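Remarks on the overall topology
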Amino acid sequence: MDALLEQAMIGPSPNPLILSYLKYAISSQMVSYSSVLTAISKFDDFSRDLCVQALLDIMDMFCDRLSCHGKAEECIGLCRALLSALHWLLRCTAASAERLQEGLEAATSATGEKQLALCLQCLEKTLSSTKNRALLHIAKLEEASSWTAIEHCLLKLGEILANLSNPQLRSQAEQCGTLIRSIPTMLSVHSEQLHKTGFPTIHALILLEGTMNLTGEMQPLVEQLMMVKRMQHIPTPLFVLEIWKACFVGLIESPEGTQELKWTAFTYLKIPQVLVKVKKYLHGEKDFTEDVNSAFEFLLKLTPLLDKADQRCNCDCTNFLLQECNKQGLLSEVNFAILLKSSENANIQPNPGLILRAEPTVTNILKTMDADHSKSPEGLLGVLGHMLSGKSLDLLLAAAAATGKLKSFARKFINLNEFTTHGSGESTKTASVRALLFDISFLMLCHVAQTYGSEVILSEASSGEEVPFFETWMQTCMPEEGKILNPDHPCFRPDSTKVESLVALLNNSSEMKLVQMKWHEACLSISAAILEILNAWENGVLAFESIQKITDNIKGKVCSLAVCAVAWLVAHVRMLGLDEREKSLQMIRQLAGPLYSENTLQFYNERVVIMNSILEHMCADVLQQTATQIKFPSTGVDTMPYWNLLPPKRPIKEVLTDIFAKVLERGWVDSRSIHILDTLLHMGGVYWFCNNLIKELLKETRKEHTLRAVQLLYSIFCLDMQQVTLVLLGHILPGLLTDSSKWHSLMDPPGTALAKLAVWCALSSYSTHKGQASSRQKKRHREDIEDYISLFPVEDMQPSKLMRLLSSNEDDANILSSPTDRSMNSSLSASQLHTVNMRDPLNRVLANLFLLISSILGSRTAGPHTQFVQWFMEECVDCLEQDSRGSILQFMPFTTVSELVKVSAMSSPKVVLAITDLSLPLGRQVAAKAIAAL
């Protein structure tokens, strides 16, 4: 081919005979397109106009219909040849433009303009084909240096054409330049949903975080929000607006007390910091402050929502938010001033103002707690006493939780508590200060553990270090949701001599002694002492008056003893029969009420309020199970707003379908529904929860309702996304795809919706599964990794359960029986070349799901399940992030690509580029072969 072309171009004008033979050879496909393009790109004497025009004429014959049906190497050859030809065309265009600028005579000028027009026409024709741009995309990855040469050529051409007098040619050249520059990013163009104003997934995610995960780290939340923004193509101003709408709804809905303070801290302290991190993620977009400004402009128009929030918080909520966002650099000074005028100012100082003032106070308290406790314990006691009054403690804790300082806060109190366990050579005054510091730190830590989760308290275990008393007590003796304690556990059975002396002290003294009292030992001995006292009462040795005196002694000086006593009684009551519980419950009642005495220590009333809140939380489960009521002295607020939400004597499946139907009808998830759904997930387990909600989705036949259902289900599944994804992709989808009696349920619209939901869950879990599970997910039972190993074995020599399941549903069992029975190539995927850890359950589930997809595409039976696979793959492409190497598509066997392009909706070059791993040479070959054959 090279020799023929060289022969044709020997003289000043081309040889017409050889040219006509060449054209015939190309038309009858006797020579490959790649050899013709390579030969043309070697010609570099651009001064010979007629030869250049002849070559452009040859290129014009086929440049918009390139194809290759040979081996993968030949297809990669076509990509490289096209890249060389593009470089040649750019050089040719630049040479023509230069000559046109230099041409003084009219004839030369006309010839130059004609040649430039021909070059640009050929460039435009080549580049307007998406298929060609896809082949060039692959070539760019194959030959980075050649692409750099093209970029240099493009810059040079731009400089030359800037002085061109013909506007039409200049515009055509700019268009070609834009097309070339778009080649590296041709996968990242998505249209945003500008017609929509509500985004229920963002709304629900924010409500879920604010209600259940205030102490959670910001990074996972930011990643989750950005993932949803990308998957749903949400414009930035509407994305920010939806976050604030959800925050205000959360504030309006939140029950009075701790929950309201948590929401206020979340809205005014945590969310502005989350947006600062979002700003870093969106550095590629236009100025983020303008988007925040637009979001505020939209927000200020939502008068009913803002009025209700202002009424609930008794202040101008937007004003506080504006000031905080301005402080974090999320607004420009000009926009801040304009927005501040639009938002009415109020001079009241309710929760938002208090929370914002509490945040620096937290820092000051942390500094105070760093000082040497032995030097001024009275000063420290004054600070802590002040913290206990009114709602100060909950304000400070909410501010600390929202700003990530709660763990540090808890650590300081654990150190303080540890410091107060021993006293030597102390006076009565020093002993009472030590007792109070022990009690306040103990009560605060219990309160923090119950309000924000015990993970906040636990330190990173380091070998050799002694575990502090409070951590030991909390892990072994403190009742929590879902934690069953054994009342006969050795932790409740300390040294008998210490127990005997404690019983004697409680029974014989008029009040507890303070001097040289080892409070941690008393707390650990109280359970065994209570057992002794209970036995004595049961057997008539002690009268009720004696019991009253003992309980008064327990709660009279330090409330911590009462907390430790009730912790054991709760575990004890669970083990008793109905007729045996009365005295234990009566003792809990006795310990719960305050002691009316002149002789109590400082801050007694404030400590009793916290104690009662702790006791109420501890007793909640056991009182519900034993159908008992204990009236805890009221603190003026509902201390357990989201407790006992499930209606009695109703099957939980009915409750689940009802709550989902209401959420779907309303179009958004509220805080109460989140808590009910979380309880149902705990009770029914992940499979039951996921399976029943998917059944509800598949019943839905209204298109707009199915999309809404997907957005809401995704956010509900965020309660435990990792486990739900394993169940959905590993059990539920394979079950639907391999059972022909269920295929009808995969029809559009529910089938499309399920495909979308499955992809969203897979992408979210895969992008975050190497990170930490959130604190609310750690408490839940984890699926055993072995379940997934047996379902999808590591050694592919034995057919997995899934593959055996497939083979039983297919006429030709050989195609599907197991990865090794088929040829190695049919199951080889990018993940294997990247040596992804296949012991990881999610990786296994994804690998097997894509094997199943490959099998369905290659089988002879078409139906709704085939259509479902197509929707699944389309959604994968739609959600793809530019350069997201290592995404879920790496688990797809390479052979699936050729099967997919047979499906008309998937036979586009962009789809092929999106579904293959172009970072691998084999991936590029597979893509080139599929695209060249289109």
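Whatever comes next refers back to the structure up there.
So, here's what we can say about the structure. Quick caveat, the model's predicted, so the values are computed rather than measured.

**Focus on helix α18 (residues 351-370)**
Helix length check: α18, at 20 residues, gives a terminal C-alpha distance of 28 Å against a target of 28 Å (1.5 Å per residue), a fit within 8%. Approximately 30° is the largest bend angle found in α18, and it occurs at Glu359, with the proline Pro360 only one to four residues beyond. Burial in α18 covers these residues: Asn351, Pro352, Gly353, Ile355, Leu356, Ala358, Val362, Ile365, Leu366 and Met369. Of the surrounding secondary structure, the elements contacted by the buried residues of α18 are α13 (258-281), α15 (303-313), α16 (317-327), α19 (377-388), α20 (392-402) and α21 (406-419).

**Observations concerning a nonpolar patch on the surface**
Together, Leu4, Tyr21, Tyr24 and Met30 give the surface a local cluster of nonpolar side chains, amounting to about 430 Å² of exposed area. Mapped onto the elements, Leu4 comes out in helix α1 (residues 2-8). Classification of Leu4 as partly exposed rests on a relative accessible area of 32%.

**Overview of the environment of Thr93**
If you trace the backbone, Thr93 turns up in helix α5 (residues 72-102). Assessed through its relative accessible area of 0%, Thr93 is described here as buried. Sequence separation between Thr93 and Leu120 is 27 residues, and the spatial gap between their C-alpha atoms is 6.9 Å. Leave out the neighbours within four places in its chain, and Thr93 touches Leu116, Cys119, Leu120, Leu123 and Leu157.

**Digging into the packing of helix α35 (residues 750-768) against helix α42 (residues 841-858)**
Their axes nearest at 11 Å, the elements α35 and α42 cross at an angle of 145°. Judged by the sense of rotation from one axis to the other, the crossing of α35 with α42 is left-handed. Across from Ala762, Ser765 and Tyr766 in α35, the residues of α42 making contact are Leu842, Asn843 and Leu846. Residue composition of the contact of α35 with α42, by class: 4 nonpolar, 2 polar and no charged.

**Some points on the pattern of salt bridges**
Under the counting rule described, the total for this entry stands at 23 salt bridges. Where Glu324 meets Lys327, a salt bridge forms, and the shortest distance between an N and an O atom there is 3.4 Å. You can see Glu324 and its partner Lys327 sitting in helix α16, 3 residues apart, about one turn around the helix. For Lys327, a relative accessible area of 58% gives the class exposed.

**A word on helix α3 (residues 33-40)**
Burial of α3 is extensive: 6 of the 8 residues sit out of reach of the surface. Those residues of α3 that fall on the buried side of the exposure criterion are Tyr33, Ser34, Val36, Leu37, Ala39 and Ile40.

**Here's the deal with the side chain of Ser96**
Assignment of secondary structure puts Ser96 in helix α5. Classification of Ser96 as buried rests on a relative accessible area of 2%. In this structure the side chain of Ser96 is engaged in a polar contact, spanning 2.8 Å, whose partner is the backbone oxygen of Cys92.

**With respect to the environment of Asn166**
Positionally, Asn166 belongs in the loop between α8 (144-161) and α9 (167-182). When its relative accessible area of 19% is taken as the criterion, Asn166 is described as buried.

**A few points about the packing of aromatic side chains**
Under the definition given, this model contains 16 aromatic pairs. Centroid distance Tyr268 to Phe320: 6.3 Å. Interplanar angle 80°. Geometry classified as edge-to-face. In this pair, Tyr268 is assigned in helix α13 and Phe320 in helix α16, connecting sequence segments 52 residues apart. Owing to a relative accessible area of 0%, Tyr268 belongs among the buried residues under this scheme. Considering the side-chain rings of Phe438 and Trp519, the 6.5 Å spacing of their centres and the 25° angle between planes classify their relative orientation as stacked. Residue Phe438 is located in helix α22 (residues 428-452), and its partner Trp519 is located in helix α25 (residues 519-538); the two are separated by 81 residues in the primary sequence. Joined through ring pairs, the aromatic side chains of Phe438, Phe442, Phe469, Phe470, Trp473 and Trp519 make up one cluster. Across from the ring centre of Trp537, 5.3 Å away, lies the NZ or CZ of Lys583, which sits over that ring.

Criteria and cut-off values
- Residues numbered from 1 in each chain as written.
- Predicted model: local features only at pLDDT ≥ 70, side-chain atom pairs only at ≥ 80, totals over all residues.
- Heavy atoms only, no water.
- Helix = DSSP H or I, 4+ residues; strand = E, 2+ residues; numbered from the N terminus.
- Expected span 1.5 Å × (residues − 1).
- Bend = angle between axes of the 7 residues up to and from the residue.
- Buried < 20%, exposed > 50% of the residue type's maximum accessible area, 1.4 Å probe, protein only.
- Contact = heavy atoms within 4.5 Å.
- Patch = residues over 30% accessible without salt bridge, like charges linked within 9 Å, V, L, I, M, F, W, Y side chains within 5 Å.
- Areas by Shrake-Rupley, 256 points an atom, 1.4 Å probe, with all protein chains shown as cover.
- Salt bridge = Lys/Arg side-chain N within 4 Å of Asp/Glu carboxyl O.
- Axes fitted to C-alpha atoms, helices over the stretch in contact; angles between N-to-C directions.
- Left-handed = near helix turned anticlockwise from the far one by under 90°.
- Nonpolar A, V, L, I, M, F, W, Y, C, P; charged D, E, K, R; others polar.
- Polar contact = N/O pair within 3.5 Å; in protein donor to acceptor, adjacent residues only side chain to side chain.
- Phe/Tyr/Trp six-rings, centres within 6.5 Å; stacked < 30°, edge-to-face > 60°.
- Lys NZ or Arg CZ within 6 Å of the ring centre and 35° of its normal.

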